[in-house]
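Breakdown of the fold
As a plain string of letters, each chain reads:
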Amino acid sequence: MKLAIALLLTLAAAAPASAQGVFGPSTDAPLISLRPFMEISNEKFFATKTFDAIFGETSARFWGGGLQVTVLRDRVYGEIGASRLMKKNAELVGQRVFISDGKVYTLGIPLRSTIQPLEISGGYRFHVHPRVVPYLGAGFGSYHYTEQSDFADASENVDVTERGGIFHVGAEVRVFRWVGVAVDAKYTHVPGILGSGGVSQQFSQNNSAQARPERDLGGWAARLKVVVGR
Amino acid sequence: MLDSRARLALLTLGVGLLVIFRGSVHGDQRYDDPPFLILQGVGLPAVDVGLMKDDSHGPDAPETLRRVAVRATLKGDEALRSSASFRPGRMIVRFRDEAPAAARMSALRDAAASGIIAERPSYADFDVVQMAAGDDPVAAARVLMEQHGDVVMYAQPSYRLHTMFTPNDPLYATNQWNLPLINLERAWDIQPAAGSTITVAVLDSGLAYQDATILATLPAFRDEQGRLYPALGRVTIPYSAARQVVPASNPDRIVAPRDFIWDTNTPFDFDGHGTHVSGTIGQLTNDGVGTAGVAFNVKLMPVKVIDSVWDFLFRAPNEATDEVVARGVRYAADNGAKIINMSIGRTGPPAPVMEDAIKYAVGKGVFVAIAAGNEFEDGNPVEVLAEIASRVKGAVSVAAVDRARNHAFYSTAGSYVELAAPGGASRGFGASGAIYQQTFFPDMTDTFLLSPAQYRAPRFDMIGYIPYTGTSMATPHVAGVAAMLMQQGITDPAAIEDALEKYAIDLGAKGRDDQFGFGLIDARNAMFGLGLAK
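Residues numbered from 1 in each chain as written. Chains lettered and ligands numbered in written order. Predicted model: local features only at pLDDT ≥ 70, side-chain atom pairs only at ≥ 80, totals over all residues.

Looking only at helices and strands, chain B has 16 helices and 21 strands in total. Sequence-distant contacts in chain B: of pairs separated by 6 or more residues, those separated by 24 or more amount to 80%. (Helix = DSSP H or I, 4+ residues; strand = E, 2+ residues; numbered from the N terminus. Contact = placed C-beta atoms within 7 Å.)

The structure is reproduced here in structure tokens:
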């Protein structure tokens, strides 16, 4: 995250020649622009107890890509993106557990999870600075979650897709005429996958403020995007 | 292969030479020999009698009732049958640490004038008071508790315990319905090592864990019907290990054996119950021979706290009373056991000395499984040890189911029943409804059940797969699964109890009930635990 911010500041300091002296969308910005992007993100899950119990960690890195469309001379945008875990075989690997009196006992039975978000969002880009374009957006996503354990029956594994909501806020720096770099914070809310079984159910049995996050596969993510296009 | 008569003749000849040799070296006279002597390691391997359809070890079997009756008669205790009797002339007292010696003696004189505090036995935080046989330990204990509470934490008579006699069945594929019933095959898939790092203490009648030859002088006695059984004089009794429980190739499987009936470190089983129970926990498995066990790689700690008819006739110095069992529990906890199996129990007044011991063991990280009792059709009395287990997180009381997963007809029911496991029942199923493990062939050991004319010395070298039934048989299923859970990573006894109860298959009335507790244990699901979302 620190590296991403430093990179962004460096890039912002070296503004592209075409943008110097411009305040607002450049006059030659197209009405519609198609801009493919690649992204990496680090997500801190809301279900911290659940992830910590199984995987011993509460966050994970994703990588992915998508396509962004800007209209109205770069003021409004929409994008579609897909991502997957930045792990070997795109899997988080942990082990099954038993929980008694709040204490977690690991059982040594391997468990592998995948999370594959497909997200559609849109928002507004604020041309308030010649080099930096803050943006704000929201949308929804489809989240495909799988969970497989050694020694499990098919019925004991999980393969489910649920919808969730997204909100993101960030800024993009145009480093070259055709290349921009963006950093944003992304909030996702993904109900329906956790909380009805397994550890997540165990940790969310009451309706307390501490329990509710354990039913949410979403979280806060810091995201770095490289955008190609004007 | 030698037949059994030839083997016995050979053994007798060998032992005779040994005795003569000893006499010539030490100048001993035959008649000066102690009445009971075990020559460890001197003996031949067991005669394998294979699968037996014996039906004499069920709660309702006539032989079971006679075993109890003979034992009671030998001890001159008609009340033993009720299992609420106590040993005369003894009382267990735990004095408060801060109570001075003078106050202790004063209280004791008030309660029982003849009372003397004996030297404190090993593995005990309590004292044993010896008193005149005519003094009433119940009344004395009551006086101490009611009038000297400032000096005494608890006092109780020395109540006797017994095995949960039960009952019978054979080989895994054809006869061991009980192991698949608790989903064990899939548990073995998860943990092929089956408890290899865990030591299970079996507090019972001992274990046939080594070959030996026993020299004993057997006195005459009268049975419960008053029939006189003749003295047999000096006899040589062959004794063989149950090699499917303790293979000759792996003697290290036995850890810290201890005999509190004889005050030795050689807990020979002269009954067969302890060996059968040990087999359910850890009989060799997947070796192409006989039957299987639950946690077949565990280490076994035989702790003998139950005396049999033969122990009495061999003149054992101690018997199965509360303080003997309590010491056994503490011994097991202090010597590395992580699981304790107690297929034993009694009814009657409370046993604070046992409650203390069980809490001590659980406090040291030991999981305890206790039989719920076999007296459902005999007034369904409260089993004292099982009731204690229900109040201690980390100890469980175990009821029995038959092969159809119904409540076994004999299995005591009550609010203290926590779990159920296969105990078997021959009623309605015949021999195929019992639990089969390797142990002594009862026709050769229980000769005191024959008529006086047929009475002869026992042989403990004929071993087969013998059917037993009862909550005694249910309990080692739980102990074995608990050992596997502990090896799998659930190291806290309370958590093991949680796991067993959470994943139990609910039987009978929905939720916990008095016949099945939380239900039939499910080894695989308890071991499989939880994933993220399922």
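Time to look at the overall build of chain A. Broken down by element type, chain A carries three helices and nine strands. Starting at the N terminus and walking to the C terminus, you meet the elements of chain A as α-β-α-β-β-β-β-β-β-β-α-β. Expressed as a percentage of the 230 residues in chain A, the buried residues total 37%. (Buried ≥ 20, exposed ≤ 12 C-beta atoms within 10 Å, placed from the backbone.)

Moving on, we come to the interface of chain B and chain A. With 19 residues of chain B at the interface, the matching set in chain A holds 28 residues. Elements with a contribution of two residues or more to the side of chain B that touches chain A: α7 (184-190), α15 (493-502) and α16 (523-528) of chain B. Residues belonging to the side of chain B that touches chain A are distributed by class as follows: ten nonpolar, five polar and four charged. (Nonpolar A, V, L, I, M, F, W, Y, C, P; charged D, E, K, R; others polar.)

Attention now goes to helix α4 (residues 137-147) of chain B. Residues and elements named next belong to chain B. Looking at α4, one finds that the buried residues are P137, A140, A141 and L144. Axial view of α4: buried residues confined to an arc of 100 degrees, hence all on one face. Away from its buried face by more than 90 degrees, α4 exposes A139 and E146. On its buried face, α4 sits against β3 (86-95), α3 (101-111) and β6 (152-159). (Arc of directions from axis to C-beta.)

Moving on, we get to unusual backbone geometry. All names here are of chain B. With phi around 45 degrees, A256 is a residue other than glycine that occupies positive phi space. Position of A256 relative to the elements: it lies in the loop between β12 (233-239) and β13 (258-259). By C-beta crowding, A256 is classed as partly exposed, having 17 other C-beta atoms within 10 Å. Of note, the phi angle at R405 is positive, near 65 degrees, even though the residue is not glycine. In this fold, R405 is placed in the loop between β18 (395-401) and β19 (419-422).

Next up on the list: the sheet that holds strand β8 (residues 199-204) of chain B. All names here are of chain B. Spatial strand order, β13-β14-β8-β15-β17-β18-β19: seven strands in an open sheet with parallel pairing. The open sheet has two free edges, formed respectively by β13 and β19, since each of these has just one partner strand. Here β13 pairs with strand β14 (residues 299-304) via two bridges, running parallel. Across the sheet, R258 pairs through a bridge with V303, a residue of β14. Where helix α10 (residues 322-334) meets the sheet, it contacts β8, β13, β14 and β15 (339-342), and its direction lies at approximately 170 degrees from that of β8. (Pairing = 2+ DSSP bridges. Axes fitted to C-alpha atoms, helices over the stretch in contact; angles between N-to-C directions.)

To continue, consider the sheet that holds β3(B). Residue and element names in this part refer to chain B. Ordered by their spatial adjacency, four strands build an open sheet running β4-β5-β3-β6, and the pairing between neighbours is antiparallel. Unpaired on one side and paired on the other, β4 (116-117) and β6 mark the two borders of the sheet. As judged from the two bridges shared by β4 and strand β5 (residues 127-130), these two strands associate in the antiparallel manner. Bridging across to β5, I116 finds its partner in Q130.

All names here are of chain A. For strand β5 (residues 103-125) and strand β6 (residues 132-149), the ladder comprises 15 bridges, and the chain directions are antiparallel. The residue bridging L118 from the neighbouring strand is S142, located in β6. Between β5 and the antiparallel strand that follows it, β6, lie six residues. With 16 bridges joining them, β6 and strand β7 (residues 158-176) adopt antiparallel strand pairing. Paired with V133 across the strands is E172, a residue of β7.

What follows deals with α3(B). Residues and elements named next belong to chain B. Those residues of α3 that sit buried are R104, A107, L108 and A111. What you see down the axis of α3 is that its buried residues fit within an arc of 100 degrees, all on one side. With respect to the buried face of α3, the exposed residues turned more than 90 degrees away are A102 and R109. Against the buried residues of α3 lie β3, β4, β5, α4 and β6.

Residues and elements named next belong to chain B. Running from amino to carboxyl end, α10 crosses helix α11 (residues 352-363) at an angle of 5 degrees, the nearest separation of the two axes being 9 Å. Classified by the angle their axes make, α10 and α11 are roughly parallel. Between α10 and α11, the residues in contact are D322, E323, V325, A326, V329, R330, A332 and A333 and V353, M354, A357, I358, Y360 and A361, respectively. Looking at the contact of α10 with α11 residue by residue, the classes come out as eleven nonpolar, no polar and three charged. (Parallel < 35°, antiparallel > 145°, perpendicular 65-115°, else oblique.)

All names here are of chain B. Closest axis-to-axis distance for the α3/α4 pair is 8 Å, and the angle between their directions is 130 degrees. As the angle between them shows, α3 and α4 are arranged oblique. The way α3 lies across α4 gives a crossing that is right-handed. Residues A107, D110 and A111 of α3 form the contact with α4, whose own contacting residues are A140, V143, L144 and Q147. Residue classes in the contact of α3 with α4 are distributed as five nonpolar, one polar and one charged. (Left-handed = near helix turned anticlockwise from the far one by under 90°.)

Ranked by size, the top nonpolar core spans 189 residues in total, and within it B:V200, B:V368 and B:V398 carry the most contacts. At ten residues, helix α14 (residues 471-488) of chain B tops the list of elements feeding residues into this core. Other than its neighbours up to four places away in sequence, B:V368 contacts B:I340, B:M342, B:I358, B:A361, B:V362, B:A389, B:G394 and B:A395. Counting six residues, the second largest nonpolar core, distinct from the first, contains A:V173, A:V181, A:A182 and A:V227. (Core = buried A, V, L, I, M, F, W, Y, C linked by C-beta atoms within 7 Å.)

Remember that side chains alternate between the two faces of the sheet whenever the strand is regular. All names here are of chain B. Within β18, seven of the seven residues are buried, which leaves the element mostly enclosed by the surrounding structure. On β18, burial covers both faces: A395, S397, A399 and V401 on one face and V396, V398 and A400 on the other are all buried. Of the pairings in the sheet, the one linking strand β17 (residues 367-371) to β18 comprises four bridges and is parallel in character. Its bridge partner lying in β18, V368 is registered against A395. Taking the sense of rotation as the criterion, the β-α-β connection linking β17, helix α12 (residues 384-391) and β18 turns out right-handed. Here β18 runs beside β19; their pairing, made up of four bridges, is parallel. Across the sheet, the residue bridging to V401 is P422, located in β19. (Right-handed = clockwise from strand over helix to strand, strands pointing away.)

Next up on the list: the confidence of the model for chain A. On average, residues of chain A score 89 in pLDDT, and 88% of them reach the 70 mark or higher. Across residues 7-23 of chain A the pLDDT falls below 50, and counting only partners more than four positions away or on other chains, this stretch makes 27 contacts in the model. (pLDDT = per-residue confidence, 0-100.)

Here we come to the environment of A:V181. Here A:V181 is to be found in strand β8 (residues 179-189). Taking the C-alpha atoms as reference points, A:V181 and A:S155, separated by 26 residues in sequence, lie 44 Å from one another.

What follows concerns the confidence of the model for chain B. Residues and elements named next belong to chain B. With 90% of its residues at a pLDDT of 70 or more, chain B shows a mean pLDDT of 88. Note on residues 18-32: pLDDT is under 50 here. Beyond four places in sequence and across chains, it has six contacts. Under a pLDDT of 50 for its full length, residues 78-84 has, in the predicted model, 17 contacts with residues more than four places off or in other chains.

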